[in-house]
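Spelled out, the chains give:
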4 protein chains.
Amino acid sequence: MDTPENLKEKLYSVIFGTDTPAGKRFDILLITAILISVVAVILESIETIESQYAFQLHTIEWFFTILFTIEYGLRLYCSPNPRGYATSFYGLIDLLAVLPTYLSLIIPSTNLLLIIRLFRVLRIFRVLKLLQYTGEANILWRSLIRSRRKIFIFLFSVLIIVTIFGSLMYIIEGPIFGFTSIPRSIYWAIVTVTTVGYGDITPHTVFGQAIAAMAMLTGYAIIAVPTGIISAELINEINRDRLTLRCSNCERSGHESDANFCKHCGAELPERNESDTNHPEKLF
Amino acid sequence: MDTPENLKEKLYSVIFGTDTPAGKRFDILLITAILISVVAVILESIETIESQYAFQLHTIEWFFTILFTIEYGLRLYCSPNPRGYATSFYGLIDLLAVLPTYLSLIIPSTNLLLIIRLFRVLRIFRVLKLLQYTGEANILWRSLIRSRRKIFIFLFSVLIIVTIFGSLMYIIEGPIFGFTSIPRSIYWAIVTVTTVGYGDITPHTVFGQAIAAMAMLTGYAIIAVPTGIISAELINEINRDRLTLRCSNCERSGHESDANFCKHCGAELPERNESDTNHPEKLF
Amino acid sequence: MDTPENLKEKLYSVIFGTDTPAGKRFDILLITAILISVVAVILESIETIESQYAFQLHTIEWFFTILFTIEYGLRLYCSPNPRGYATSFYGLIDLLAVLPTYLSLIIPSTNLLLIIRLFRVLRIFRVLKLLQYTGEANILWRSLIRSRRKIFIFLFSVLIIVTIFGSLMYIIEGPIFGFTSIPRSIYWAIVTVTTVGYGDITPHTVFGQAIAAMAMLTGYAIIAVPTGIISAELINEINRDRLTLRCSNCERSGHESDANFCKHCGAELPERNESDTNHPEKLF
Amino acid sequence: MDTPENLKEKLYSVIFGTDTPAGKRFDILLITAILISVVAVILESIETIESQYAFQLHTIEWFFTILFTIEYGLRLYCSPNPRGYATSFYGLIDLLAVLPTYLSLIIPSTNLLLIIRLFRVLRIFRVLKLLQYTGEANILWRSLIRSRRKIFIFLFSVLIIVTIFGSLMYIIEGPIFGFTSIPRSIYWAIVTVTTVGYGDITPHTVFGQAIAAMAMLTGYAIIAVPTGIISAELINEINRDRLTLRCSNCERSGHESDANFCKHCGAELPERNESDTNHPEKLF
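Fair warning: this is a prediction, and the values are worked out from it, not measured in the lab.

**Some details on the overall build of chain A**
When its secondary structure is counted, chain A shows 14 helices and 0 strands. The linear arrangement of helices and strands in chain A, starting from the amino end, is α-α-α-α-α-α-α-α-α-α-α-α-α-α. Long-range contacts, defined as pairs at least 24 residues apart, comprise 55% of the intrachain contacts of chain A with a sequence gap of at least 6. Of the roughly 13300 Å² that chain A leaves accessible, carbon and sulfur atoms contribute 66%.

**Comments concerning the interface of chain B and chain A**
Listed by partner, the interface residues are 48 residues for chain B and 53 residues for chain A. Three residues, B:Arg149, B:Met216 and B:Tyr220, lead the burial of chain B against chain A; their summed loss comes to 17% of the area buried on that side. Taken together, the links from chain B to chain A amount to 0 salt bridges. For the pair chain B and chain A, the number of links is 5 residue pairs in polar contact (both at pLDDT 80 or more). Elements represented by at least two residues in the side of chain B that touches chain A include exactly α10 (148–172), α11 (182–193), α12 (206–222) and α13 (224–244) of chain B. For the side of chain B that touches chain A, the element with the most residues is α10(B), which contributes 13 residues. Split by residue class, the side of chain B that touches chain A holds 28 nonpolar, 15 polar and 5 charged.

**Thoughts on the domain arrangement of chain A**
Looking at chain A, the domain boundaries give domain 1 (4–128) and domain 2 (140–225). Look at where the C-alpha atoms of domain 1 of chain A and domain 2 of chain A centre, and you get two points 38 Å apart.

**Let's talk about unusual backbone geometry**
A positive phi is found at C:Thr195, a non-glycine position, where the angle reads about 60°. For C:Thr195, the location among the structural elements is in the loop between α11 (182–193) and α12 (206–222).

**Describing the relation of the copies chain B and chain A**
Superposing chain B onto chain A takes a rotation of 90° plus a shift of 0.0 Å along the axis, which leaves an RMSD of 0.0 Å. The symmetry that links the two subunits is that of a four-fold axis. Here only 17% of the contact residues of chain B are again contact residues in chain A; the copies associate through non-equivalent surfaces.

**Side note on empty space enclosed by the protein**
A water-sized probe rolled over the atoms picks out the places where empty space is left. Going through the model one piece at a time under the given rule, you end up with 3 cavities of 30 Å³ or more. By volume, the largest cavity amounts to about 190 Å³. Residue lining of the largest cavity: 16 residues in total, with A:Ile223, B:Ile223, C:Thr195, C:Ile223 and D:Ile223 positioned closest to the centre.

**Considering helix α6 (residues 89–106) of chain B**
All names here are of chain B. Counted at 1.5 Å a residue, the expected span for α6 with its 18 residues is 26 Å, and the 26 Å between its end C-alpha atoms agrees. The largest bend along α6 measures about 25° and falls at Leu 99, with the proline Pro 100 one to four residues further on. Looking only at α6, the buried set comprises Tyr 90, Gly 91, Ile 93, Asp 94, Ala 97, Val 98, Pro 100, Thr 101 and Ser 104.

**Here's the deal with the side chain of B:Glu173**
When you line up the elements, B:Glu173 lands in the loop between α10 and α11. Buried and unpaired, B:Glu173 has no salt bridge, with A:Arg184 as the nearest side chain of opposite charge at 9.3 Å. From its side chain, B:Glu173 meets the backbone nitrogen of B:His204 in a polar contact 2.8 Å long. Setting aside anything within four residues of it in sequence, one finds B:Glu173 in contact with B:Phe179, B:Thr202, B:Pro203, B:His204, B:Thr205, B:Gly208 and B:Gln209.

**Let's talk about the relation of the copies chain C and chain D**
Note on the identical chains: chain C maps onto chain D by a rotation of 90° and an axial translation of 0.0 Å, with an RMSD of 0.1 Å. Looking at chain C, a mere 15% of its interface residues are interface residues in chain D too, so the copies touch through different faces.

**Some details on the confidence of the model for chain A**
Residue and element names in this part refer to chain A. On average, residues of chain A carry a pLDDT of 79, and 78% of them reach 70 or more. Across chain A, helix α11 (residues 182–193) holds the top mean pLDDT of 93, while helix α14 (residues 273–277) sits lowest at 37. Low pLDDT, under 50, characterises residues 273–284; the stretch is placed with 29 contacts to residues that sit more than four places away or in other chains. The ipTM assigned to the predicted complex is 0.81, against a pTM of 0.83.

**Some points on the packing of helix α10 (residues 148–172) of chain A against helix α12 (residues 206–222) of chain A**
Any two packed helices are characterised by how steeply their axes cross, that is the angle between the axes, and by the distance between the axes. All names here are of chain A. Running from N to C, α10 and α12 point in directions that differ by 170°, and their axes come no closer than 10 Å. Compared by their axis directions, α10 and α12 come out roughly antiparallel. Seen from α10, the contacting residues are Phe 154, Val 158, Ile 161, Phe 165, Met 169 and Ile 172; seen from α12, they are Phe 207, Gly 208, Ile 211, Ala 212, Met 214, Ala 215, Thr 218 and Ile 222. In the contact of α10 with α12, the residues fall into 12 nonpolar, 2 polar and no charged.

**What about helix α4 (residues 54–78) of chain B?**
Under the 1.5 Å per step criterion, the end-to-end length of α4(B) is 36 Å for 25 residues, consistent within 8% with the ideal 36 Å. Among the residues making up α4(B), those that are buried are B:Leu57, B:Glu61, B:Trp62, B:Phe64, B:Thr65, B:Phe68, B:Glu71, B:Tyr72, B:Arg75 and B:Cys78.

**Description of the interface of chain C and chain D**
Contact residues are listed per partner, giving 53 residues for chain C and 48 residues for chain D. Where chain C abuts chain D, roughly 4300 Å² becomes buried across the two surfaces, and 74% of that area is made up of carbon and sulfur atoms. On the surface where chain C and chain D come into contact, there are 0 salt bridges. Counting across the chain C and chain D interface gives 5 residue pairs in polar contact (both at pLDDT 80 or more). Breaking the side of chain C that touches chain D down by element, the ones donating at least two residues are α2 (21–44), α7 (110–122), α8 (125–131), α9 (135–146), α10 (148–172), α11, α12 and α13 (224–244) of chain C. In terms of residue class, the side of chain C that touches chain D is made up of 36 nonpolar, 10 polar and 7 charged.

**Describing a nonpolar patch on the surface**
All names here are of chain B. Nonpolar side chains collect at one region of the surface, where Leu 7, Ile 66, Ile 70, Leu 74, Tyr 77, Leu 99, Tyr 102, Leu 103, Leu 105, Ile 106 and Ile 107 lie side by side and expose about 1000 Å² of accessible area between them. At the level of elements, α4 and α6 are the ones that each hand at least two residues to the nonpolar patch. Of the residues forming the nonpolar patch, the biggest block, 5 residues, is contributed by α6. Summarising the element assignment, Leu 105 is placed in helix α6.

**A look at the environment of B:Asp200**
With respect to the element layout, B:Asp200 can be found in the loop between α11 and α12. Placed 77 residues apart in sequence, B:Asp200 and B:Arg123 show a C-alpha to C-alpha distance of 33 Å. Leave out the neighbours within four places in its chain, and B:Asp200 touches B:Tyr187 and C:Thr202. Only 3.1 Å separates the side chain of B:Asp200 from the side chain of B:Tyr187, close enough to count as a polar contact.

**Some remarks on the packing of helix α4 (residues 54–78) of chain A against helix α6 (residues 89–106) of chain A**
Residues and elements named next belong to chain A. Closest axis-to-axis distance for the α4/α6 pair is 9 Å, and the angle between their directions is 135°. With respect to α6, the axis of α4 lies oblique. Judged by the sense of rotation from one axis to the other, the crossing of α4 with α6 is left-handed. Contact residues: α4 offers Glu 61, Trp 62, Thr 65, Ile 66, Phe 68, Thr 69, Glu 71, Tyr 72 and Arg 75, while α6 offers Gly 91, Asp 94, Leu 95, Val 98, Thr 101, Tyr 102 and Leu 105. Taken together, the residues of the contact of α4 with α6 break down into 8 nonpolar, 4 polar and 4 charged.

Here is what the cut-offs are and how they apply
Residues numbered from 1 in each chain as written. Chains lettered and ligands numbered in written order. Predicted model: local features only at pLDDT ≥ 70, side-chain atom pairs only at ≥ 80, totals over all residues. Heavy atoms only, no water. Helix = DSSP H or I, 4+ residues; strand = E, 2+ residues; numbered from the N terminus. Contact = heavy atoms within 4.5 Å. Areas by Shrake-Rupley, 256 points an atom, 1.4 Å probe, with all protein chains shown as cover. Buried area = accessible area lost by both parts, 1.4 Å probe. Salt bridge = Lys/Arg side-chain N within 4 Å of Asp/Glu carboxyl O. Polar contact = N/O pair within 3.5 Å; in protein donor to acceptor, adjacent residues only side chain to side chain. Nonpolar A, V, L, I, M, F, W, Y, C, P; charged D, E, K, R; others polar. Domains from an automatic or database assignment. Least-squares fit on C-alpha atoms with pLDDT ≥ 70 in both. 1 Å grid on protein atoms, 1.4 Å probe; cavity = no way out; pocket = protein on both sides within 12 Å on 5 of 7 lines; lining within 4 Å. Points joined across faces, edges and corners; volume = space filled by probe spheres on them. Expected span 1.5 Å × (residues − 1). Bend = angle between axes of the 7 residues up to and from the residue. Buried < 20%, exposed > 50% of the residue type's maximum accessible area, 1.4 Å probe, protein only. Lys, Arg positive; Asp, Glu negative; His and termini not counted. pLDDT = per-residue confidence, 0-100. Axes fitted to C-alpha atoms, helices over the stretch in contact; angles between N-to-C directions. Parallel < 35°, antiparallel > 145°, perpendicular 65-115°, else oblique. Patch = residues over 30% accessible without salt bridge, like charges linked within 9 Å, V, L, I, M, F, W, Y side chains within 5 Å. Left-handed = near helix turned anticlockwise from the far one by under 90°.

This is the structure:
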């Protein structure tokens, strides 16, 4: 029989780990449970479905709440640093996903129930976390991380641009044509510069349309900037990925990402993502 | 005279093959027939045209149905693996393109007739298949295939993002402003994040507009991700394409895609796509 | 005094050429004249301006018509191949820019006058032609030319995709929600896939919105394809541009596009676009 | 005690410089002050807030006006070339940010007050200027500068394209469907080609919708051009950035932008942006 310590370690490798068959199976089960619970929340929001299947949806809600409570308890139990887990981003989301359902027993309120549903949806972030372990998501993620400062500076510059365009339009068009305040005009500027273009607020004066046209062309031209940033980083990431894999026979690198044999000597290449990092690639 | 086996082989090379003059001519005829039949379906849907040219369009419908039936029969006949063809994606589309017209004789119904028209339009996929044989489409296609996992993970992440934004807006704006359910709010989030921006559902509260602005900026920034993925792969593909062509005189590669002579020794370069793969490039 | 032949040659180098000071001055005058005449046409279309300045605008119209007629005559006179010029794209536009104004004297009609205005606007294409002679436009142009087949195949694939999405929506949503015919539904699909999103036709059924969401995500993901194509070609073009310039001292290439001195030996670099191709770069 | 000359120099290094701790602190204070004053202007534009907190906002307005006046005076005083500063872009904006508030005492007018607010918002450009000193913004900025001619030629070509599309639609659709003049039709063409798509003016005739679809596809395909331009330049910039940093131990370059140790010999790398250019990177 397992000692409590052994059990804890085993549990840890299953719940937190992703490199054992049991750990992989746990992750697949967890993603499935999260997706079903999110679908249940989404269905609950449709009035015709809610009125007809209220009991079933209620049952599902409690089933997943209890399931996720048990999971949360086990995570706290087997984590080598329970306090660290509890205060981490995912620890808080795991708690927020279950806590409000219990609170709804004490303080019944329709508004609160709505927010509960939201917190359950937030658990979908966990799926994103698991995605991170696949080789492809890793390349995308590292590229985003590497370009985060450039993207941040770009978004900051966009905010300055939309503030100026919004203020201009507030003066030119004014409250008569829907530009009732600068924040609302900035909202219009964001809608325009990002090329979304709802059309809920549009310029009506000739001068306003000229400024709007300038805002559009600005947005159209500067979208190239984040694209350029990410492209440049991705090209580097993909090339690096290619360079880190070496043939065990001739020690040369530079293999294509889908190559199975060394292009220099023909020897079989070592497996990439699976063998050395045990990523749950098979999930997708 | 040809033996049945010889005839079958010849037919196969004409209908399925693309590397003989007869095969190329067949492909051009097939594309022309598909495009005309699709145009006929499109014209049929315009009421003023349908009421005036009902007879002519009906004749065309039956003409192409019979033509495509013969083609389907010949494909089944000459294919070395008829069952494999019949159950393939294109085999099914070829069947679905003709079957409903015959069914409409037995079960007359306006709704069914509409769906028949759709299935005929689906045959246009065949044109895409033939496009694949051109060198350029090949590069695009290989790039898409190579980046399919990255694109899939990207689209999956986008789905998670729009689910969260949609749920948030459902709580913030609520049914009064058109966000009647989470699926509808997710639809709004997709319209916004992809920068389509119909404007059929728009935020009306200040807080809702703030969240919408965040959704827009997110969409504006992350469109860079698929672009970066495809750019990176395309650059690799184009470079590889260049490296595979070697001068038959000096054995050196690295020629531009439109070069006709070796840039190292001036000898004429071997023809690229046509001579070794016999692609029907001349089609376009 | 010049012989007629000499005069012809001189005129040719001024009107058609761009590499002499006189030729450059002529091009600048021509662009100015075209832009003023286009602005006049644009102002004429504004009712309040037209009613107030009818006489002035009429005078400008006839002034430029006579000016462009003289230019057309001179081009015909000095061209070594007048028939070739007259039947070329720009020759036809030059004729169409002046002919309708004379025709309007014989057949007076408001509709015709509108079309006359349009033909005058088409002359703006000449500006594009002159842009071609600048180094930067050249790089952009060569990249577009090199990727024209890929872009064409991409646009063709987009047309097939919008035909399928349009036909689907025609069946799902139908005439009640504005999808009155397949061409109109294809128009909606183009509006959606290109992320323009007017919102004049929008899906109202749940299933229609699901298909629309798919169309949006498709458009959002495949916009990456032309971007990737052009990026890949531009990177090659810019690199090639850099490689063709050699230092006259040390014979090494690879200089940045804005370098004035050789980065290997410090010798002054030969001038790029101006000295060897005499492009009217100074125009911009 | 400091001599006036010494004081002037010290002040100059604090106010204009960014490389001393005092200079950095001043920049952070300045950005904070500008952002608060901009937020105050934005809040003032919201009627409900303006009516309730009129006194507080008025106080803040005067507080920042006096603060920025002192700053402007000090800049004039300590600048080695006061006239040069006063006539520079930022010198003019600094003056325009404070002058109108004083003018409003002499000529009271609601319209003038609005424009005053705008000029204060323009001061946000200063933040952009400070951003320039960070390494990342520098790379983005240099890429934009290097591609400015290509971007300009691209935007010019877009203007020609929208002029032609706008004129075409003015003739095809005409004033009945909202295309009341060519400038308004050009506004529509810009809305369409940039894929903004407000939907305030939309084509209603079949032929108009066909032209609109062409405009959309054009916009969808040519957005690739600026993206390609910036991507190509950014890739070059990032690579150059990497090549300029040399290990002080082994003299080799090519280090990743986030590397702290030489990848060839393991020696610690010299600090990048801070040590040699003293950019206020810590700001962000």
